[in-house]
Amino acid sequence: MDQMYFAAEVFLNGLMTGVMYALVALGFVLIFKASGVFNYAQGVLALFAALTLVGIQQGQVPFAHMINAMFGTHIEHFGWTVPSVLAILLTGAVMVLLAFLIEKLVLQHLIGQAPIILFMATIGLAYFLEGLGDVMWGADIKNLDVGLPQGISETIETATAEWFGYGLFIDRLDIWATLIAALLVAALVAFAQYTKQGRAMRAVADDHQAALSVGISLRFIWVMVWSIAGFVALVAGIMWGTKSGVQFSLSLIALKALPVLMLGGFTSIPGAIVGGLIIGVGEKLFEFFIGPMIGGATENWFAYVLALLFLVFRPQGLFGERIIERV
Amino acid sequence: MLYREAGDFKTSYRDDGQTFPIRLDRWAYYAALVVAFLVVPFVINDYWANAVFVPFLIYAIAALGLNILTGYAGQVSLGTGGFMAVGAYAVYKLMTAFPEISIVIHILLAGGITAIVGMLFGLPSLRIKGFYLAVATLAAQFFLVWLFNKVPWFYNYSASGQINAPERTILGYAVTGPATSAPAKYLICLVFAFVLAWVARNLTRGMSGRKWMAIRDMDIAAEIIGVNPLTAKLSAFAMSSFFVGVAGALLFAVYLGAAEVGEAFGINKSFLVLFMIIIGGLGSIFGSFAGAAFMVLLPVLLKNVLVGGLGWPTDLAAHIELMIVGGLIVFFLIAEPHGLARLWALTKEKLRLWPFPH
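Here is what the cut-offs are and how they apply
Residues numbered from 1 in each chain as written. Chains lettered and ligands numbered in written order. Predicted model: local features only at pLDDT ≥ 70, side-chain atom pairs only at ≥ 80, totals over all residues. Heavy atoms only, no water. Helix = DSSP H or I, 4+ residues; strand = E, 2+ residues; numbered from the N terminus. Rg over C-alpha atoms; globule rule 2.2 N^0.38 Å. Buried < 20%, exposed > 50% of the residue type's maximum accessible area, 1.4 Å probe, protein only. Contact = heavy atoms within 4.5 Å. Areas by Shrake-Rupley, 256 points an atom, 1.4 Å probe, with all protein chains shown as cover. Lys, Arg positive; Asp, Glu negative; His and termini not counted. Charge placed at Lys NZ, Arg CZ, Asp CG, Glu CD. UniProt positions renumbered as here; feature names shortened; annotations may be inferred. Polar contact = N/O pair within 3.5 Å; in protein donor to acceptor, adjacent residues only side chain to side chain. Buried area = accessible area lost by both parts, 1.4 Å probe. Salt bridge = Lys/Arg side-chain N within 4 Å of Asp/Glu carboxyl O. Nonpolar A, V, L, I, M, F, W, Y, C, P; charged D, E, K, R; others polar. 1 Å grid on protein atoms, 1.4 Å probe; cavity = no way out; pocket = protein on both sides within 12 Å on 5 of 7 lines; lining within 4 Å. Points joined across faces, edges and corners; volume = space filled by probe spheres on them. Phe/Tyr/Trp six-rings, centres within 6.5 Å; stacked < 30°, edge-to-face > 60°. Lys NZ or Arg CZ within 6 Å of the ring centre and 35° of its normal. Expected span 1.5 Å × (residues − 1). Patch = residues over 30% accessible without salt bridge, like charges linked within 9 Å, V, L, I, M, F, W, Y side chains within 5 Å. pLDDT = per-residue confidence, 0-100. Core = buried A, V, L, I, M, F, W, Y, C linked by side-chain atoms within 4.5 Å.

Looking only at helices and strands, chain B features 15 helices and four strands. Its C-alpha radius of gyration of 21 Å places chain B within 12% of the 21 Å reference for a compact globule of 358 residues. In terms of its C-alpha atoms, chain B occupies a principal-axis envelope of roughly 65 × 55 × 45 Å. Counting across all 358 residues of chain B, residues that qualify as buried make up 52%. Residue pairs at least 24 apart in sequence account for 73% of intrachain contacts in chain B once pairs closer than 6 positions are excluded. Accessible surface for chain B amounts to roughly 15,800 Å². Of this, 68% is attributable to carbon and sulfur atoms. For chain B, the separation between the mean place of its 23 positive charges and that of its 17 negative charges on side chains is 5 Å.

Moving on to the UniProt feature "transmembrane region" (unreviewed entry) in chain A. All names here are of chain A. When the UniProt feature table is mapped onto this chain, "transmembrane region" (unreviewed entry) is found at residues 6–30, 37–58, 78–102, 109–129, 175–195, 216–240, 260–281 and 288–313. When the span residues 6–30 is considered, its composition is 100% helix and 0% strand, and the gap between its end C-alpha atoms is 36 Å. A distance of 29 Å separates the end C-alpha atoms of residues 175–195, which is 95% helix and 0% strand.

This part takes up the side chain of Ser-77 of chain B. Residue and element names in this part refer to chain B. Structurally, Ser-77 can be placed in the loop between α3 (46–72) and α4 (80–97). With a relative accessible area of 1%, Ser-77 lands in the buried category. Only 3.1 Å separates the side chain of Ser-77 from the backbone nitrogen of Gly-79, close enough to count as a polar contact.

In this assembly, 50 residues from chain A lie in contact with 41 residues from chain B. A combined buried area of about 4,300 Å² lies between chain A and chain B, and 82% of that area is made up of carbon and sulfur atoms. If you sort the residues of chain A by the area they bury against chain B, Met-120, Tyr-127 and Trp-301 of chain A come out on top, with a joint share of 15%. Run the count over chain A and chain B and you get zero salt bridges. At the boundary of chain A and chain B, one finds one residue pair in polar contact (both at pLDDT 80 or more). Residue assignment for the side of chain A that touches chain B shows that the elements contributing at least two residues are α3 (64–71), α5 (115–137), α11 (253–264) and α14 (302–313) of chain A. Top contributing element to the side of chain A that touches chain B by residue count: α5 of chain A, with 16 residues. Considered class by class, the residues forming the side of chain A that touches chain B number 37 nonpolar, 10 polar and three charged.

Residues and elements named next belong to chain B. Here the structure, examined in full by the defined rule, presents three salt bridges over all chains. Taking the shortest distance from any N to any O, the salt bridge between Lys-348 and Asp-25 comes out at 3.1 Å. Here the residue Lys-348 occupies a position in helix α15 (residues 339–353), and Asp-25 occupies one in helix α2 (residues 23–43), the gap between them amounting to 323 residues. In this structure Asp-25 comes out as buried when scored by relative accessible area, which is 11%. Arg-216 is paired through a salt bridge with Asp-217; the nearest N and O atoms lie 3.1 Å apart.

All names here are of chain B. Overall, the coordinates contain one cavity of 30 Å³ or more when judged by the stated rule. If you trace the largest cavity, you find it lined by Leu-66, Leu-69, Ser-77, Thr-80, Phe-83, Ser-240, Ser-241 and Val-244. Only α3, α4 and α10 (229–256) provide two or more residues apiece to the lining of the largest cavity. When residues in the lining of the largest cavity are grouped by element, the largest group, three residues, is from α10. Classifying every residue of the lining of the largest cavity by side-chain character gives four nonpolar, four polar and no charged.

To continue, consider the packing of aromatic side chains. Using the criterion set out here, one finds 31 aromatic pairs over all chains in the structure. Judged by centre distance (6.2 Å) and plane angle (65°), the rings of Phe-56 of chain B and Phe-289 of chain B are edge-to-face. One end of the pair, Phe-56 of chain B, is in helix α3; the other, Phe-289 of chain B, is in helix α13 (residues 285–309), and 233 residues separate them in sequence. Members of the aromatic cluster, connected to one another through ring pairs, are Phe-28, Phe-32, Phe-38, Tyr-40, Phe-119 and Tyr-127 of chain A together with Phe-271 and Phe-275 of chain B. Seen from the ring of Trp-153 of chain B, Lys-93 of chain B lies directly overhead, with NZ or CZ sitting 4.0 Å from the centre.

Turning next to unusual backbone geometry. Unlike most non-glycine residues, Asn-156 of chain B shows phi in positive territory, near 55°. When you line up the elements, Asn-156 of chain B lands in the loop between α6 (130–150) and β1 (163–164).

Residues and elements named next belong to chain B. The sites that UniProt annotates as "transmembrane region" (unreviewed entry) are residues 27–44, 50–69, 101–123, 130–148, 183–200, 236–259, 271–296 and 316–335. The straight-line gap between the two end C-alpha atoms of residues 130–148 is 28 Å; of that span, 100% is helix and 0% is strand. Structurally, residues 183–200 is divided into 100% helix and 0% strand, and its ends, taken at the C-alpha atoms, are 25 Å apart.

A few words on helix α12 (residues 269–289) of chain A. The terminal C-alpha atoms of α12 of chain A, which comprises 21 residues, lie 30 Å apart, in line with the 30 Å expected from a rise of 1.5 Å per residue. Every buried residue of α12 of chain A is listed here: Ile-269, Gly-271, Ala-272, Gly-275, Gly-276, Ile-279, Gly-280, Val-281, Gly-282, Glu-283 and Phe-288 of chain A.

Residues and elements named next belong to chain A. Together, Lys-33, Lys-196, Arg-199 and Arg-202 make up a positively charged patch on the protein surface. Counting residues per element, the positive patch draws most heavily on helix α8 (residues 196–206), at three residues. Locating Lys-33 in the fold gives a position in helix α1 (residues 2–35). By relative accessible area, which is 35% here, Lys-33 ends up partly exposed.

Looking at the element boundaries, Lys-269 of chain B is found in helix α12 (residues 267–280). Within the local environment of Lys-269 of chain B, its side chain forms a polar contact with the backbone oxygen of Ala-264 of chain B, the two atoms lying 3.0 Å apart.

Looking now at the environment of Val-307 of chain B. All names here are of chain B. In this fold, Val-307 is placed in helix α13. Placed 161 residues apart in sequence, Val-307 and Trp-146 show a C-alpha to C-alpha distance of 35 Å. Val-307 has contacts with Leu-302, Trp-312, Pro-313, Thr-314 and Ala-317, leaving out every residue within four places of it along the chain.

Residues and elements named next belong to chain A. Mapping Leu-218 onto the fold places it in helix α10 (residues 218–244). According to the relative accessible area criterion, Leu-218 is buried, its value standing at 14%. Note: C-alpha distance between Leu-218 and Gly-133 (85 residues apart in sequence) is 28 Å. Those residues within four positions of Leu-218 in sequence are excluded, and the remaining contacts are Val-204, His-208 and Leu-212.

Moving on to the confidence of the model for chain A. For chain A, the average pLDDT comes to 81, and 94% of its residues sit at 70 or higher. Averaged pLDDT values over the elements of chain A bottom out at 71 in helix α6 (residues 154–164) of chain A and peak at 90 in helix α4 (residues 84–105) of chain A.

Moving on, we come to the nonpolar core. Ranked by internal contacts, the top residues of the largest apolar core, which has 228 residues, are Phe-38 and Phe-119 of chain A together with Phe-252 and Phe-265 of chain B. In terms of residue count, the dominant contributor to this core is α10 of chain A (16 residues). Look past the residues within four positions of Phe-265 of chain B in its chain and what remains in contact with it is Gly-81, Gly-82, Met-84, Ala-85, Ala-88, Gln-141, Val-145, Gly-248, Leu-251, Phe-252, Ala-259 and Glu-260 of chain B.

What follows is about the environment of Leu-144 of chain B. Residue and element names in this part refer to chain B. Mapped onto the secondary structure, Leu-144 falls in helix α6. Residue class for Leu-144 comes out buried when judged on its relative accessible area of 4%. Separated by 49 residues in the primary sequence, Leu-144 and Met-95 place their C-alpha atoms 20 Å from one another. What Leu-144 contacts, discounting residues up to four positions off in sequence, is Gly-82, Phe-83, Val-86, Val-117 and Phe-121.

What follows is the structure, given as structure tokens:
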């Protein structure tokens with residue numbers, strides 16, 4: 001019986017992890033929907049956002065490492081700390097600036113290229129941003145704390161212990177992440193449905209040419225979408241950074257978000273969420289039940305193999321638009 | 001005036017269709033071969049072999065392989081690292097299981113095994129395309145690396161989980177193991193690179209190459225004109241994986257000597273080889289070599305300039321290298337999507353008329 005409770009706990013934790021995956025996947029979907037660019041750099045954007053947030057919060061000198069190497073100085077910090085809310089706002093501004101620069105320097109020159117070229121460009125962008133983030137803020141592992149509650153939730157543990165006689169272990173951060181993710185999705189949907197810019201964004205997603213002809217500025221929409229994606233990356237970066245520290249492996253969560261997208265369909269926001277939950281729960285349960293039999297650490301590939309098998313039968317994903325090709 | 005083709009007449013289709021139609025190019029090619037085979041082995045030392053020549057030749061083979069798949073057949077693959085691991089582990093198992101058979105046969109067999117694995121992972125390409133497929137090949141990358149890490153049979157139950165290349169000889173000279181001399185390492189890689197480049201060139205300009213390119217340019221149209229997408233795509237995956245497998249086998253057996261799968265064949269290897277073909281030139285044999293040379297030389301150069309010249313810390317140099325590589329990828333995709341190979345072709349065009357502009 002304990003085994004079953006434990007499985008339930010694994011299931012719940014899988015759901016929470018899935019929400020985190022979905023958060024990263026959301027950023028992908030937004031950019032893909034609005035510009036047809038498959039943005040590999042989304043994970044690195046999250047890393048960059050988290051690094052910038054920590055850097056601003058702790059008053060680090062940008063490029064301190066390089067300046068020290070060049071001039072033989074020993075500067076590290078300005079000596080002040082910035083309150084979390086202000087730091088988040090400033091980081092948001094940096095992400096908007098980054099979105100503007102990416103549009104100006106990269107995307108603008110690649111209009112009309114094959115999607116796969118754009119994809120490879122974002123791989124290059126990912127490398128560049130990763131290097132830039134490390135050069136700017138240093139590559140050491142940093143603690144991120146913006147005041148989100150962490151640790152085991154005792155309320156749930158005691159409540160479930162009373163009801164079932166088995167206390168479920170759930171991290172409070174995961175609960176908060178779920179709430180914030182739900183809020184974020186609601187806000188994004190509301191934005192897309194009820195604001196002028198949101199409607200323009202959907203128009204661009206439908207048809208670039210038609211959107212241009214009714215006077216929508218494609219460039220503005222792209223900057224906006226990349227800014228929003230940068231903001232989503234910031235939220236994802238805060239969550240993951242708080243959970244496991246800000247370090248290079250943060251950018252690898254993008255690799256986890258890819259199978260989520262394949263499962264859910266590249267163009268669907270609900271797909272990103274459902275896909276995230278399926279992958280999160282699936283890999284935890286698989287690791288729990290099958291993992292011990294075949295050596296463990298199946299989390300590295302399970303998501304991909306699941307998505308791959310799924311794609312063979314339904315190439316457009318769960319909620320994706322059906323691609324019809326006729327000869 | 002430096003580069004001329006005046007008086008270089010062709011009188012048959014055969015002459016017209018040769019790889020180097022211009023006499024000067026042909027001579028340059030033969031000269032390069034003579035230098036590579038008859039001069040370099042006598043002057044090479046350990047530093048040059050390990051830092052530049054051997055990795056260059058091995059990565060050139062891998063880049064040729066990926067270029068067949070991505071550049072010619074249009075199927076983007078991010079699983080190169082995983083397939084190199086297949087080649088490495090296949091050659092390791094063969095070397096330890098059949099010590100009396102020549103290492104050359106083992107390396108070729110390792111390529112063959114990789115080809116089969118590659119075809120297996122290429123099967124989804126019939127249903128899914130573009131970056132869906134690119135992401136799907138990541139499944140191969142992660143699954144294979146996990147497999148070689150977790151199944152002890154692959155590393156012969158060694159305590160460290162590493163694989164170590166035992167000593168094998170060709171004509172009495174050690175080519176694997178710690179006693180290998182720099183010229184031996186270099187020569188075996190050179191022979192493989194030369195033969196495989198020759199094979200790749202002739203494959204890609206023959207019927208199979210035309211089929212691959214038809215699939216790349218527009219798969220539906222290719223199907224209408226009678227290209228079977230199944231055989232075309234799977235043969236591209238098989239050939240490509242064969243090359244990549246040979247490269248993986250050489251990388252492990254000749255260059256590294258010992259390897260741990262997650263470190264030597266991780267996802268970064270996949271991207272490294274992908275960058276080589278983007279920078280070198282998609283769909284070009286010369287581009288594979290140019291890209292490999294570029295990506296092998298860039299870290300050496302940066303290290304010498306930043307760490308050796310300016311005295312910066314190595315980690316900072318590594319991060320700046322990331323920035324430069326990423327920036328170059330974006331730059332090449334924007335400015336010259338056909339890479340260094342195209343730049344080289346343009347240079348030749350200019351030199352034909354030099355010093356007159358038109």
